[in-house]
Protein chains: 2
Amino acid sequence: MELYFMGTNAGVPSLERNVTSLALRLFDERRTFWLFDCGEATQHQILRSPLKLSKLEYIFITHLHGDHLFGLPGLISSRAYQGGNTPLTLFGPPGLKKFIMTALEISESRISYSLEVVEHEGGILFEDESFCVESALLDHRIDSFGYRITEKDQPGKLDIEMLARHGIKPGPMYGKLKRGESINLPDGSLLHSTDVLGISKPGRIVTILGDTRPCEAAVQLAQDADVLVHESTFLHELAETAYTYHHSTTKQAAEAAKRAGAKQLFLTHFSSRYKYNDQLQQLEREAREVFPQSDLAREHVMYPILRHG
Amino acid sequence: MELYFMGTNAGVPSLERNVTSLALRLFDERRTFWLFDCGEATQHQILRSPLKLSKLEYIFITHLHGDHLFGLPGLISSRAYQGGNTPLTLFGPPGLKKFIMTALEISESRISYSLEVVEHEGGILFEDESFCVESALLDHRIDSFGYRITEKDQPGKLDIEMLARHGIKPGPMYGKLKRGESINLPDGSLLHSTDVLGISKPGRIVTILGDTRPCEAAVQLAQDADVLVHESTFLHELAETAYTYHHSTTKQAAEAAKRAGAKQLFLTHFSSRYKYNDQLQQLEREAREVFPQSDLAREHVMYPILRHG
Ligand SMILES: [Zn+2]
Ligand SMILES: [Zn+2]
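The structure displayed is predicted, hence computed values, not measured ones.

> Before we move on, could you go through the relation of the copies chain A and chain B and cite the residues and values that matter?
The two copies are related by a screw motion: chain A maps onto chain B through a turn of 180 degrees and a shift of 0.0 Å along the axis, at an RMSD of 0.1 Å. Such a turn and shift between the copies fits a two-fold axis. Across chain A, the smallest distance between a C-alpha and the rotation axis is recorded for Ala-41 of chain A, namely 2.7 Å. Same-surface contact between copies: 100% of interface residues of chain A are shared with the interface of chain B.

What follows is the structure, given as structure tokens:
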């Protein structure tokens, strides 16, 4: 499970950074990746990344501002062109479907795979055996959502070879051992679950927020998260500007991470005014004063998501 | 007057080339530039060019396929963001307005300048004292238009200093001289127009076509053009594929230039299958066998439009 940022600039692309998009790579977990927001030229960024559009499984749109949205029609079309044939599901605020469908209809785009657009207003969006994704409304100029991705705990693996040596084959005994119970071996002795069951891996929590002013929903979504991705459009000296434009400062992002008990914070969505490395490092320093485990999101870097559980 | 290609790839962006967009730079003529098609990430290409979005005056869309269209919402929004405040007018096939308006409404984009979308089905689109633009339908899977831009002849300039020495001030005499007539000087002698009027510059003709199979309309639009920009998606060995997908081969593009009596041909809209320089040069060679003044369009090169008149 890794994060791969493809756009970290606010509002417009710059020569240095693209508009917002972030991939959650789930290659080890499910051989796919998910996308959070899709600013213009996200498909171009994917071409320059180790990701393959055909492996894209879900897209979550935080809000409908153009710098988070306008890359969708091209990406959806190109995925078909590049042989993507597995289903693709989009989640986002009401209005998303009209935008997508208008673009695809006007351009007479032929989408060869199953495309579903799910408009939501928060809540649990989906759950399967390994992941659950829920969403809540933040505080922005238009409806903007945060997403909390919960990976389920992975039970330890049974030592199949040792079990075979004891004459135990796949079946009800396996289930008992997996549930932590002991079993009687054919020779009458007792086999403890802990002798053949590996250590279980606690699931991780990843919280990815859309544009927002500081708000309670952000802190709740980020509760105990292993990693929180939070916008930090401005330095705190521009707190008033941030408030006016419904954004957060680096310090506010760090405070949210701290209050939520998150383990790691990635700052993103930087105003174009911060061009140079020393300016960006100032953003990072400001966040670290409040929350030391803060890092600037850099585009085209693969960040592993650590287990802190 | 220059051509500046920002996208020369067909269908999808590649690592080497972007999807279609072409700027007609009119800095010397009117301190603006015009855009022909606007594939995704055209605004990103403009950032890497000597062009400034605020100087963009007209956009002409050839047809509504996504690779010619999906860069519009972002470019329109960013132009406002970057302080563009002069009017911007878009010309394109019916459907263009719905696409633009849906994108801007859904994203609640605030456009600070006057934006007009003119849907057309060919004919003369506009005419002012220096330029005329007309359009005609080509032969593609969906309605696709070509544009013929005619620069009007520029009359020679009067030698103001010499006229002053003869005691002639701005007024009716100027008009007579400009019309090629002679006038009587205060001392009674005759002043011939040719003595004080510079050589007139013949206007140039630029023809820029959308995706098309070979067709009569292409040849008519390109009649005597100083430069013709023609798609050439495939080598002629793939003429059947080109026909199936409603495109042209390099050879067909060259034949159109030849039949039209055009002076120069730029090939563009290359299939992604042509990646390497030697493959592209093969496209160029094929065209030059039929029409020697053929060149591949290269992105981020400024091509002056020569006067052949
Ligand atoms: Zn926003
Ligand atoms: Zn087309």
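Let us keep going from here.
> Explain the coordination of the zinc ion (ligand 1) residue by residue, including any values.
Tetrahedral coordination by four donors sets the ideal angle at the metal to 109.5 degrees; octahedral coordination by six donors sets it to 90 or 180 degrees. Residues and elements named next belong to chain A. Protein ligation of the zinc ion (ligand 1) involves His-63 (NE2), His-65 (ND1), His-140 (NE2) and Asp-211 (OD), the donor distances falling in the range 2.2 to 2.4 Å. Coordination at the zinc ion (ligand 1) is irregular: its four donor atoms span angles of 87 to 175 degrees at the metal. Site description for the zinc ion (ligand 1): donor spacing in sequence, H-x1-H-x74-H-x70-D. Of this pair, His-65 sits in the loop between strand E4 (56–60) and helix H3 (72–81) while Asp-211 sits in the loop between strand E12 (205–209) and helix H8 (216–221); the two residues are 146 residues apart in sequence, bridging distant segments of the chain. Like His-65, the residue Asp-211 is buried in the burial classification.

> How would you sum up the coordination of the zinc ion (ligand 2)? Please name residues and give values.
Residue and element names in this part refer to chain B. Coordination of the zinc ion (ligand 2) by the protein involves His-63 (NE2), His-65 (ND1), His-140 (NE2) and Asp-211 (OD), with metal-donor separations of 2.2 to 2.4 Å. In this structure, the zinc ion (ligand 2) is coordinated by four donor atoms arranged in irregular fashion, with angles at the metal of 86 to 175 degrees. Within one chain, the residues donating to the zinc ion (ligand 2) are spaced in sequence as H-x1-H-x74-H-x70-D. Here His-63 matches His-65 in class, with each residue buried.

> Before we move on, could you go through the packing of helix H4 (residues 96–106) of chain A against helix H4 (residues 96–106) of chain B and cite the residues and values that matter?
At a closest axis distance of 10 Å, the pairing of H4 of chain A and H4 of chain B adopts a crossing angle of 165 degrees. As the angle between them shows, H4 of chain A and H4 of chain B are arranged roughly antiparallel. Along this stretch, H4 of chain A crosses H4 of chain B, giving a crossing that reads as left-handed. Touching Lys-98, Phe-99, Thr-102, Ala-103, Glu-105 and Ile-106 of chain A of H4 of chain A are Lys-98, Phe-99, Thr-102, Ala-103, Glu-105 and Ile-106 of chain B, all from H4 of chain B. Tallied by class, residues from the contact of H4 of chain A with H4 of chain B come to six nonpolar, two polar and four charged.

> Which residues make up the domain arrangement of chain A, and what values do they have?
In terms of domains, chain A is made up of domain 1 (2–154 + 201–304) and domain 2 (160–196). For domain 1 of chain A versus domain 2 of chain A, the distance between C-alpha centres works out to 44 Å.

> Report on the interface of chain A and chain B, specifying residues and quantitative values.
Between chain A and chain B, the residue contacts involve 39 residues of the former and 39 residues of the latter. Summed over both partners, the interface of chain A with chain B comes to about 3,200 Å²; 62% of that surface belongs to carbon and sulfur atoms. Scanning the region where chain A abuts chain B turns up zero salt bridges. Across the contact surface, chain A and chain B share six residue pairs in polar contact (both at pLDDT 80 or more). Elements that contribute at least two residues to the side of chain A that touches chain B include exactly helix H2 (42–47), H3 and H4 of chain A. The residue inventory of the side of chain A that touches chain B, partitioned by class, reads 16 nonpolar, 16 polar and seven charged.

> So what about the packing of helix H3 (residues 72–81) of chain B against H4 of chain B? Which residues, and what values?
Residue and element names in this part refer to chain B. Between H3 and H4, whose axes approach to 10 Å, the crossing angle comes to 60 degrees. Relative to H4, H3 is oriented oblique. The handedness of the crossing between H3 and H4 is right-handed. Of the residues in H4, those touching H3 at Leu-72, Pro-73, Ile-76 and Ser-77 are Leu-96, Phe-99, Ile-100, Ala-103 and Leu-104.

> Which residues make up a negative patch on the surface, and what are the values?
A contiguous patch of negative charge on the surface is contributed by Glu-108 of chain A together with Glu-119, Glu-121 and Asp-143 of chain B. Its place among the elements puts Glu-119 of chain B in strand E6 (residues 115–119).

> Lay out the sheet that holds strand E9 (residues 145–151) of chain A with the relevant residues and their values.
Residues and elements named next belong to chain A. What the seven strands build is an open sheet, ordered E7-E8-E9-E12-E13-E14-E15; its pairing is mixed. A strand with exactly one partner marks an edge of an open sheet, and here the two such strands are strand E7 (123–127) and strand E15 (294–296). In this sheet, adjacent strand axes meet at a mean angle of 20 degrees when their direction is disregarded. As paired elements, strand E13 (residues 227–231) and strand E14 (residues 265–268) share four bridges and run parallel to each other. Along E14, the bridge assignment pairs His-230 with Leu-267. Packing of helix H10 (residues 250–260) onto the sheet brings it into contact with E13 and E14, and relative to E14 it is tilted by some 155 degrees.

Cut-offs applied
- Residues numbered from 1 in each chain as written.
- Chains lettered and ligands numbered in written order.
- Predicted model: local features only at pLDDT ≥ 70, side-chain atom pairs only at ≥ 80, totals over all residues.
- Heavy atoms only, no water.
- Least-squares fit on C-alpha atoms with pLDDT ≥ 70 in both.
- Contact = heavy atoms within 4.5 Å.
- Donors = N, O, S within 2.8 Å, 3.2 Å for Na, K, Ca; no water.
- Tetrahedral: all angles 85-135°; square planar, octahedral: opposite > 155°, others 65-115°.
- Helix = DSSP H or I, 4+ residues; strand = E, 2+ residues; numbered from the N terminus.
- Buried < 20%, exposed > 50% of the residue type's maximum accessible area, 1.4 Å probe, protein only.
- Axes fitted to C-alpha atoms, helices over the stretch in contact; angles between N-to-C directions.
- Parallel < 35°, antiparallel > 145°, perpendicular 65-115°, else oblique.
- Left-handed = near helix turned anticlockwise from the far one by under 90°.
- Nonpolar A, V, L, I, M, F, W, Y, C, P; charged D, E, K, R; others polar.
- Domains from an automatic or database assignment.
- Buried area = accessible area lost by both parts, 1.4 Å probe.
- Salt bridge = Lys/Arg side-chain N within 4 Å of Asp/Glu carboxyl O.
- Polar contact = N/O pair within 3.5 Å; in protein donor to acceptor, adjacent residues only side chain to side chain.
- Patch = residues over 30% accessible without salt bridge, like charges linked within 9 Å, V, L, I, M, F, W, Y side chains within 5 Å.
- Areas by Shrake-Rupley, 256 points an atom, 1.4 Å probe, with all protein chains shown as cover.
- Lys, Arg positive; Asp, Glu negative; His and termini not counted.
- Charge placed at Lys NZ, Arg CZ, Asp CG, Glu CD.
- Pairing = 2+ DSSP bridges.

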